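# Summary of the model geometry
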Amino acid sequence: MKGGITRRFAAYLLNNYIGNFLGFIVGSLSSRLVANYFTTRSIRNLWGLTAHKTIVTKHTYTTLEWSVSILVGFIVFELVSKWLQKLVASLLPKYKLTRWMVQPQAEAEKEAMEQ
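Residues numbered from 1 in each chain as written. Predicted model: local features only at pLDDT ≥ 70, side-chain atom pairs only at ≥ 80, totals over all residues. Heavy atoms only, no water.

### Observations regarding the overall build of the protein chain
Where we set the bar: Helix and strand definitions here come from DSSP, where helices need a minimum of 4 consecutive H or I residues and strands a minimum of 2 consecutive E residues; each element is numbered from the N-terminal end. Remark: exposure states derive from per-residue accessible area (1.4 Å probe, protein chains only) relative to the maximum for the residue type, with buried under 20%, exposed over 50%, and partly exposed in between. Contact criterion: two residues are considered in contact whenever any of their non-hydrogen atoms come within 4.5 Å of each other. In short, Shrake-Rupley with a 1.4 Å probe defines the accessible areas, and a residue's cover is counted only from the protein chains shown.
Along the protein chain, the regular secondary structure elements total three helices and two strands. Along the protein chain, from the amino end to the carboxyl end, the secondary structure elements read α-β-β-α-α. Within the protein chain, the fraction of its 115 residues that count as buried is 13%. Pairs at least 24 apart in sequence give 38% of the contacts found in the protein chain among residues at least 6 apart. With an accessible surface of roughly 9,700 Å², the protein chain has 66% of that area assigned to carbon and sulfur atoms.

### Details of the nonpolar core
Condition: To form a nonpolar core, buried Ala, Val, Leu, Ile, Met, Phe, Trp, Tyr and Cys residues must be joined to one another through side-chain atoms within 4.5 Å.
Within the largest apolar cluster, five residues are counted, these being Val-34, Ala-35, Val-56, Tyr-61 and Val-68. Broken down by secondary-structure element, the contributors of at least two residues to this core are α1 (2-37) and α2 (58-91). Residues within four places of Val-68 in sequence aside, it is in contact with Ser-30, Leu-33 and Val-34.

### Some thoughts on the confidence of the model for the protein chain
Which entries qualify depends on this criterion: Residue-level confidence of the predictor, termed pLDDT, takes values from 0 up to 100.
Summary statistics for the protein chain give a mean pLDDT of 77 and a share of 77% for residues scoring 70 or more. For the protein chain, helix α3 (residues 99-114) is the element with the lowest average pLDDT, namely 63, and strand β1 (residues 38-39) is the one with the highest, namely 86.

### Some remarks on a nonpolar patch on the surface
Inclusion rule: Patches here: salt-bridge-free residues with over 30% relative accessible area, like charges joined within 9 Å, nonpolar side chains (Val, Leu, Ile, Met, Phe, Trp, Tyr) joined within 5 Å. One speaks of a salt bridge when a side-chain nitrogen belonging to Lys or Arg is within 4 Å of a carboxyl oxygen belonging to Asp or Glu.
Taken together, the side chains of Phe-21, Phe-24, Ile-25 and Leu-29 present a nonpolar region at the surface, about 430 Å² in accessible area. By secondary structure assignment, the location of Phe-21 is in helix α1. With relative accessibility at 52%, the residue Phe-21 sits in the exposed group.

### Some points on the environment of Ile-70
Relative to the helices and strands, Ile-70 resides in helix α2. For the pair Ile-70 and Gly-27, spaced 43 residues apart in the sequence, the C-alpha separation amounts to 8.9 Å.

### Concerning the side chain of Thr-40
With respect to the helices and strands, Thr-40 occurs in the loop between β1 and β2 (54-55). When its relative accessible area of 16% is taken as the criterion, Thr-40 is described as buried. When near neighbours in sequence (up to four residues on either side) are disregarded, Thr-40 contacts Asn-45, Ile-55, Val-56, Thr-57, Lys-58 and Tyr-61.

Written out as structure tokens, the structure reads:
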């Protein structure tokens, strides 16, 4: 019983850290994506006189950042939940140190096949 609780806790921590890390990466990439194409008026670009990018208001810039981060976040979430999870589940049993992560899944699949 103790091993099962430890196993589930370690799997929870691993999933939580991977999710937080991916969220941070997606947020950074989406804000950089908007910053590559748009800018706001500021003293750095002489209030838009020397800007090489499209100038938008601060409200529009913020809205674009939110919209792009939601869209990119959804795409990354779907990729991770569908494709990467299957890939990891197929690769983990090959290594001794990571078999414990897939073992409960394999046992549940065996029981389902038997019934």
